[in-house]
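# Observations on chain architecture
Spelled out from the first residue to the last, the chains are:
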Amino acid sequence: MGQISRPGAVLTYEEHGDGPLAVYAHGMLGSRASDARTGLLNWPSVAERTARRVVAYDARGHGESTGRAEPADYLFPALADDLLALLDEVGDGAPAAGVGASMGTATLLHAALKAPGRFDRLVLTIPPTAWETRPAKAEEYRRLADVIEQHGVAEGLAKAAEGAEIPEIFRDLNVPPTLPDVAEDLLPSLLRGAARGDLPAPADLAALTLPVLILAWDTDPAHPVSTAERLRELLPGSTLHVSRQATDLVSWQPRIVEFLS
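Predicted, not measured: the structure shown is a model, and the values here were computed from it. (Residues numbered from 1 in each chain as written. Predicted model: local features only at pLDDT ≥ 70, side-chain atom pairs only at ≥ 80, totals over all residues. Heavy atoms only, no water.)

### Topic: the overall build of the protein
Put simply, the test is: Numbering of helices and strands starts at the N terminus; helices are DSSP runs of H or I of at least 4 residues and strands are runs of E of at least 2. Under the scheme applied here, a residue whose accessible area is under 20% of the maximum for its type counts as buried, over 50% as exposed, and between as partly exposed, the area being computed with a 1.4 Å probe on protein chains only. Note on definitions: a residue-residue contact is assigned when non-hydrogen atoms from the two residues lie within 4.5 Å. Surface exposure here means Shrake-Rupley accessible area, sampled with a 1.4 Å probe, where a residue is shielded only by the protein chains that are shown. As used throughout, the charge tally considers Lys and Arg to be positive and Asp and Glu to be negative, leaving His and the chain termini uncounted. Lysine's charge is taken at NZ, arginine's at CZ, aspartate's at CG and glutamate's at CD.
For the protein, the helix and strand inventory stands at 11 helices and eight strands. With respect to the three principal axes, the spread of C-alpha positions in the protein is 50 × 40 × 35 Å. Scored against the burial criterion, the 261 residues of the protein give a buried share of 52%. Long-range pairs, those at least 24 residues apart, make up 79% of the contacts in the protein with a sequence separation of at least 6. Element-wise, carbon and sulfur atoms account for 51% of the exposed surface of the protein, whose accessible area totals about 11700 Å². Counting 23 positive and 36 negative side-chain charges, the protein places the averaged centre of each group 3 Å from the other.

Structure follows, in structure tokens:
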């Protein structure tokens with residue numbers, strides 16, 4: 001495991017394989033460890049099958065990385081700066097492939113616009129709410145931050161789940177529920193930072209002409225297919241695959257391997 005120091009945080013990362021670099025950015029409230037528990041993507045296998053060096057890292061405030069209770073630290077452009085600093089640490093100057101999930105997808109898009117020469121291709125999985133759908137999700141994050149501060153993480157998440165339906169895509173997945181992989185004292189600030197974030201402006205995204213693979217799943221309001229479809233329209237070099245059933249998710253790793261190879 002490696003570490004890099006950043007203003008207000010220490011980021012941890014792990015490496016697999018050798019060859020051209022690919023970097024993976026996980027989703028909000030997750031981590032390298034929580035992603036491994038889902039079994040959806042196996043990075044040692046991806047590294048071997050693509051002949052790439054895969055670096056997966058914990059975003060600030062998540063997993064084994066540290067952070068501070070400053071909402072501005074968790075804005076997507078700030079997370080993009082962390083990613084670019086990681087590339088400075090582990091890269092060799094050549095463009096890298098970027099793979100992201102949800103918050104990681106947002107991080108990658110902001111990073112690619114800040115420094116377009118740093119990436120040669122992107123895999124954007126489960127793009128989050130954006131643009132027209134973002135304000136409602138942002139208000140959910142702000143309310144959840146308030147409840148967690150008043151009642152703690154367990155009760156806050158229980159209150160947030162009241163009356164919420166499990167998205168159909170998740171009902172057949174054998175993934176045990178887990179608490180956020182974020183320290184309780186950081187979680188409200190992280191949520192408030194996320195509430196202030198959005199994907200880059202649609203007009204800016206047309207500047208990204210590199211190859212992009214977009215992978216989305218259906219029926220999840222936190223990751224609506226509408227965002228993925230809009231990204232497909234905006235990114236000239238992109239292709240989109242939407243999984244309508246949980247059984248189709250096993251195709252994601254082979255699709256990523258083919259795209260990165």
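Moving on, there is more to tell.
### Focus: the pairing of strand E7 (residues 212-217)
Rules: We treat two strands as partners when DSSP finds at least two bridges between them. Think of it like this: strands point away, you trace from the first strand over the helix to the second, and a clockwise trace means the crossover is right-handed.
The element E7 is extensively covered by neighbouring structure, given that six of its six residues are classed as buried. A two-sided burial pattern is seen for E7, the buried positions comprising Val 212, Ile 214 and Ala 216 on one face and Leu 213, Leu 215 and Trp 217 on the other. Alignment of strand E6 (residues 119-125) against E7, held across four bridges, turns out to be parallel. Bridged to Thr 125 within E7 is Leu 215. Here six bridges tie E7 to strand E8 (residues 238-243), and the two strands are oriented parallel to one another. Within E8, the position partnered with Ala 216 by the bridge is Val 242. For the crossover from E7 across helix H10 (residues 225-234) to E8, the handedness is right-handed.

### Observations concerning the pattern of salt bridges
Note the following rule: Salt bridge, as applied in this entry: a Lys or Arg side-chain nitrogen positioned within 4 Å of an Asp or Glu carboxyl oxygen.
Inspection of every chain in the model, using the stated rule, returns 18 salt bridges. Salt-bridge contacts for Arg 230 lead to Glu 132; the nearest nitrogen and oxygen are separated by 3.8 Å. Of this pair, Arg 230 sits in helix H10 while Glu 132 sits in the loop between E6 and helix H5 (134-151); the two residues are 98 residues apart in sequence, bridging distant segments of the chain. A residue is classified by how much of its surface remains accessible, and Arg 230, at 28% relative accessible area, is partly exposed. Assessed through its relative accessible area of 64%, Glu 132 is described here as exposed. Of the charged contacts, one joins Lys 137 and Glu 140 as a salt bridge, the two residues approaching to 3.1 Å between their closest N and O atoms. Highlighted residues: Lys 137 and Glu 140, both in helix H5, separated by three residues, approximately one helical turn.

### Section: the side chain of Arg 52
The condition is simple: Any N or O atom pair separated by 3.5 Å or less is treated as a polar contact, with the protein-specific requirement of one donor-capable and one acceptor-capable atom, and with residues adjacent in sequence counted only for side-chain atom pairs.
Locating Arg 52 in the fold gives a position in the loop between helix H2 (43-50) and strand E4 (53-57). An unpaired buried charge is present at Arg 52: no salt bridge exists, and Asp 120, the closest side chain of opposite charge, is 4.2 Å distant. Of note is the side chain of Arg 52, whose polar atom sits 3.2 Å from the backbone oxygen of Leu 21. When sequence neighbours within four positions are dropped, the list of residues in contact with Arg 52 reads His 16, Gly 17, Asp 18, Gly 19, Pro 20, Leu 21, Ala 22, Ala 47, Ala 97, Asp 120, Arg 121 and Leu 260.

### Quick word on the packing of H5 against helix H6 (residues 153-161)
Quick note on the threshold: Between the N-to-C directions of two axes lies an angle of 0 to 180 degrees, each axis being a line fitted to C-alpha atoms and, for a helix, fitted only over the stretch in contact. Comment on the angle field: the value is read as roughly parallel under 35 degrees, roughly antiparallel over 145, roughly perpendicular from 65 to 115, and oblique elsewhere. It is the rotation of the near helix from the far one that decides the hand of a crossing: anticlockwise by less than a right angle makes it left-handed, clockwise makes it right-handed. Charged means Asp, Glu, Lys or Arg here, nonpolar means Ala, Val, Leu, Ile, Met, Phe, Trp, Tyr, Cys or Pro, and polar covers whatever is left, Gly included.
Close contact between H5 and H6 brings their axes to 7 Å; oriented N to C, the two are set at 140°. The orientation of H5 relative to H6 falls into the category oblique. Handedness of the crossing formed by H5 with H6: right-handed. Across from Leu 144, Val 147, Ile 148 and His 151 in H5, the residues of H6 making contact are Val 153, Glu 155, Gly 156, Leu 157, Lys 159 and Ala 160. Residues belonging to the contact of H5 with H6 are distributed by class as follows: six nonpolar, two polar and two charged.

Note that all results are geometric; they support no functional claim without further evidence.
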